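Topology and contacts: notes
Below are the chains, spelled out letter by letter.
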Amino acid sequence: PNAFSTGQVAAMRAAVPNLETLRDSPDETGTRLLHDARNLPEFGTFFEDIRIAAAVREIIGAEATMLRSTVQLRYQLGRTGSFDQFFHFDSWRHRIKCFLYLSDVGPQNAPLIYAPTTHRRPFRLARDLEIRRHTATQDNSYLADLESQFVGALFPHQAQRMFHRLAIRPVELTGAAGTLILFDARGFHRSKPLE
């Protein structure tokens, strides 16, 4: 909470172009994206934040590099059928994602839901191999086709049974504008539908 000030967040929000000028997500998630957002001066406070860089390098190592710098805007209400609304993990590679909420995100505003400890459980090995074998990505690291999008995703009943068996309680990550979330994208996570 309060990782970035109200003024910093307001400047970033003001720099986001209109919805019509943003591109649809190539992953077909029903979101609009601004790629290379680090090129906007107002976003320098986030994408160049030394606290974030230090934390990620502490977790991954000195070789950690930024893969994407994106602004994402959710605008489609309800379930979209997209893979990101199912529990999934992104890659067998060690990937840390850093999200900064530019608006208040409550239970109705499509918060991230994360299943703690799933990034280091031994059951991941089989799913890691599945993702490595069956996932095709584009040069920009986004998924290349519909089949690849659902590799590594769980049906709701599969997730519920697994979490119950392992006594895992997924956490809904809500917060005020300025909230910063860092998470290991090898763990199961999903986006709650926008209500």
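Everything below is about the structure printed above this text.
Quick notes on the rules
- Residues numbered from 1 in each chain as written.
- Predicted model: local features only at pLDDT ≥ 70, side-chain atom pairs only at ≥ 80, totals over all residues.
- Heavy atoms only, no water.
- Helix = DSSP H or I, 4+ residues; strand = E, 2+ residues; numbered from the N terminus.
- Buried < 20%, exposed > 50% of the residue type's maximum accessible area, 1.4 Å probe, protein only.
- Contact = heavy atoms within 4.5 Å.
- Arc of directions from axis to C-beta.
- Pairing = 2+ DSSP bridges.
- Axes fitted to C-alpha atoms, helices over the stretch in contact; angles between N-to-C directions.
- 1 Å grid on protein atoms, 1.4 Å probe; cavity = no way out; pocket = protein on both sides within 12 Å on 5 of 7 lines; lining within 4 Å.
- Points joined across faces, edges and corners; volume = space filled by probe spheres on them.
- Nonpolar A, V, L, I, M, F, W, Y, C, P; charged D, E, K, R; others polar.

The helix and strand inventory of the chain stands at 6 helices and 8 strands. Sequence-ordered secondary structure for the chain, helices as α and strands as β, is α-β-β-α-α-β-β-β-α-α-α-β-β-β. Going through the 195 residues of the chain one by one, you find that 42% of them count as buried. At a minimum sequence separation of 6, the contacts of the chain that also span at least 24 residues come to 83%.

In this section: the environment of Ala 10. The residue Ala 10 is located in helix 1 (residues 6-15) in this model. In sequence terms Ala 10 and Ala 177 are 167 residues apart; their C-alpha atoms lie 9.0 Å from each other.

With that out of the way, let us pick up helix 6 (residues 156-165). Turning to helix 6, its buried residues are Ala 159, Met 162 and Phe 163. Looking straight down helix 6, one finds that the buried residues subtend no more than 95° of arc, so they occupy a single side. Opposite the packed face of helix 6, turned more than 90 degrees from it, sit the exposed residues Gln 160, Arg 161, His 164 and Arg 165. Backbone geometry just after helix 6 places Ala 167 at a positive phi near 55°.

What follows concerns the sheet that holds strand 6 (residues 171-173). On the basis of which strands lie adjacent, the open sheet formed by 3 strands has the order 6-5-8 and antiparallel pairing. The open sheet has two edge strands, strand 6 and strand 8 (189-191), and neither has a second partner. Looking at each pair of strands side by side, their axes are set apart by 25° on average, direction ignored.

Of the two faces of strand 2 (residues 31-34), both are covered, the one formed by Thr 31 and Leu 33 as well as the one formed by Arg 32 and Leu 34. With 4 bridges joining them, strand 2 and strand 3 (residues 71-74) adopt antiparallel strand pairing. In the sheet register, Thr 31 faces strand 3, and the bridge partner there is Arg 74.

The subject of this paragraph is the sheet that holds strand 3. The strand order across the open sheet built from 3 strands is 1-2-3, with neighbouring strands paired in antiparallel fashion. Strands with a single pairing partner mark the edges of an open sheet, and in this sheet they are strand 1 (23-24) and strand 3.

Attention shifts here to empty space enclosed by the protein. With the rule as written, the count across this model stands at 1 cavity of 30 Å³ or more. Considering only enclosed or pocket space, the largest cavity measures out at about 40 Å³ in volume. Contributing to the lining of the largest cavity are Thr 29, Gly 30, Thr 31, Arg 74, Gln 76, Thr 80, Gln 85, Ala 110, Ser 191, Lys 192, Pro 193 and Leu 194. Of the residues that constitute the lining of the largest cavity, the class distribution is 3 nonpolar, 7 polar and 2 charged.

Moving on, we come to the layout of surface pockets. Here the second largest pocket is characterised by a volume of approximately 290 Å³. Every residue lining the second largest pocket is counted, 15 residues in all, and those nearest its centre are Gln 85, Phe 87, Pro 156, Ala 159 and Arg 190. Grouping the constituent residues of the lining of the second largest pocket by class yields 8 nonpolar, 5 polar and 2 charged.

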